[in-house]
Amino acid sequence: MFPRLMPAVQALLIANVAVFLLQSFLAPEALEYFKLWPVSAMASSAGYGFQPWQLVTAGFMHGDFMHLAFNMLALWMFGSALEEVWGYRRFMTFFLICVVGSNLCQLLVASGIAAADGPLIVTVGASGGIYGVLLGFAMIYPDRRMIVFPIPAEIRARTLVMIYGAIALFYGITGTGAGVAHFAHLGGMLFGWLVIRYWRRQPPFGGPRKKKGPKLRVVK
């Protein structure tokens with residue numbers, strides 16, 4: 001029920017909590033350059049704007065305590081199981097790729113909205129990386145049964161991830177659920193899926209070579 005706290009997960013928990021404490025004690029403008037800003041003339045006029053390091057740093061910042069708490073709980077529960085299988089280095093690589101990939105997707109969407117004279121969306125949170133971890137868990141343990149609030153019954157891991165993905169896609173397309181980076185969630189799942197497919201040498205990254213059978217010589 002309670003997974004063992006693994007080293008990479010522990011390091012990520014400490015980093016996220018430390019950054020949240022910095023956010024709590026420092027002046028808000030001191031950390032604005034580390035949030036994910038869209039590529040936009042409006043952002044530039046505000047004195048900020050997109051910088052490459054934001055693809056990583058925004059993934060370690062959170063809007064409030066509950067945002068941090070839910071993300072870190074999911075990281076501990078699901079990330080520890082993956083790290084037990086993959087080890088420290090591979091899990092850390094996977095998580096950081098999911099964070100950067102999720103923020104890339106969010107950057108594209110937020111920049112497009114800003115270019116169309118929409119609102120200026122500034123993003124923080126590890127949720128994209130967490131969604132990648134959820135998808136990774138479902139790919140490694142697809143039939144693992146669990147009870148997840150608020151679902152009042154056991155549910156398979158792959159079914160849970162499909163539900164989460166469908167909800168994020170619905171909210172992202174319809175524009176409902178304001179204040180949540182739904183495309184970052186989808187981006188984390190997409191990049192998590194791509195990384196695992198790459199490690200497994202599965203399409204779109206090729207596959208195992210087909211063994212050639214013996215040639216038959218036909219004698220007339």
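See the structure above.
Residues numbered from 1 in each chain as written. Predicted model: local features only at pLDDT ≥ 70, side-chain atom pairs only at ≥ 80, totals over all residues. Heavy atoms only, no water.

**Student:** What is the right way to read the overall build of the chain from this model?
**Tutor:** From N to C terminus, the chain includes eight helices and two strands. Along the chain, from the amino end to the carboxyl end, the secondary structure elements read α-α-α-α-α-α-β-β-α-α. Principal-axis analysis of the C-alpha atoms places the extent of the chain at approximately 85 × 45 × 35 Å. Burial status across the chain gives 39% buried among its 220 residues. Of all intrachain contacts in the chain linking residues separated by at least 6 positions in sequence, the fraction that spans at least 24 positions is 67%. Accessible surface computed for the chain: about 13,000 Å², of which carbon and sulfur atoms make up 67%. Computed over 18 positive and 8 negative side-chain charges, the separation of the two mean positions in the chain equals 29 Å. (Helix = DSSP H or I, 4+ residues; strand = E, 2+ residues; numbered from the N terminus. Buried < 20%, exposed > 50% of the residue type's maximum accessible area, 1.4 Å probe, protein only. Contact = heavy atoms within 4.5 Å. Areas by Shrake-Rupley, 256 points an atom, 1.4 Å probe, with all protein chains shown as cover. Lys, Arg positive; Asp, Glu negative; His and termini not counted. Charge placed at Lys NZ, Arg CZ, Asp CG, Glu CD.)

**Student:** Mind showing me how you'd approach the packing of aromatic side chains here?
**Tutor:** Here the distance between the centres and the angle between the planes together describe a pair of aromatic rings. Taken as a whole and judged by the stated rule, the model has eleven aromatic pairs. Between Phe 170 and Tyr 171, the ring centres sit 5.7 Å apart and the planes meet at 55°, which makes this aromatic pair tilted. For Phe 170, a relative accessible area of 49% gives the class partly exposed. Ring plane angle 85° and centroid distance 5.4 Å describe the contact between Tyr 198 and Phe 205, whose orientation is recorded as edge-to-face. On the basis of relative accessible area, Phe 205 is assigned to the partly exposed category, the value being 36%. An aromatic cluster of three or more residues is present, and its members are Tyr 33, Trp 37 and Tyr 48. The residue whose ring lies beneath Arg 90 is Trp 199, and the NZ or CZ to ring-centre distance is 4.1 Å. (Phe/Tyr/Trp six-rings, centres within 6.5 Å; stacked < 30°, edge-to-face > 60°. Lys NZ or Arg CZ within 6 Å of the ring centre and 35° of its normal.)

**Student:** Where do I start with the layout of surface pockets in this structure?
**Tutor:** In this approach, a probe sized like a water molecule rolls over the atoms, and the result shows the empty space that is left. Volume-wise, the largest pocket comes out at about 1,400 Å³. If you go around the largest pocket, you meet 47 residues; those closest to its centre are Ser 127, Tyr 131, Val 180, His 182 and His 185. Those elements that place two or more of their residues in the lining of the largest pocket are helix H4 (65-86), helix H5 (88-115), helix H6 (127-140), helix H7 (157-174) and helix H8 (182-199). Per element, the largest residue contribution to the lining of the largest pocket is eight residues, and it comes from H4. Here the lining of the largest pocket is composed, by residue class, of 31 nonpolar, 16 polar and no charged. (1 Å grid on protein atoms, 1.4 Å probe; cavity = no way out; pocket = protein on both sides within 12 Å on 5 of 7 lines; lining within 4 Å. Points joined across faces, edges and corners; volume = space filled by probe spheres on them. Nonpolar A, V, L, I, M, F, W, Y, C, P; charged D, E, K, R; others polar.)

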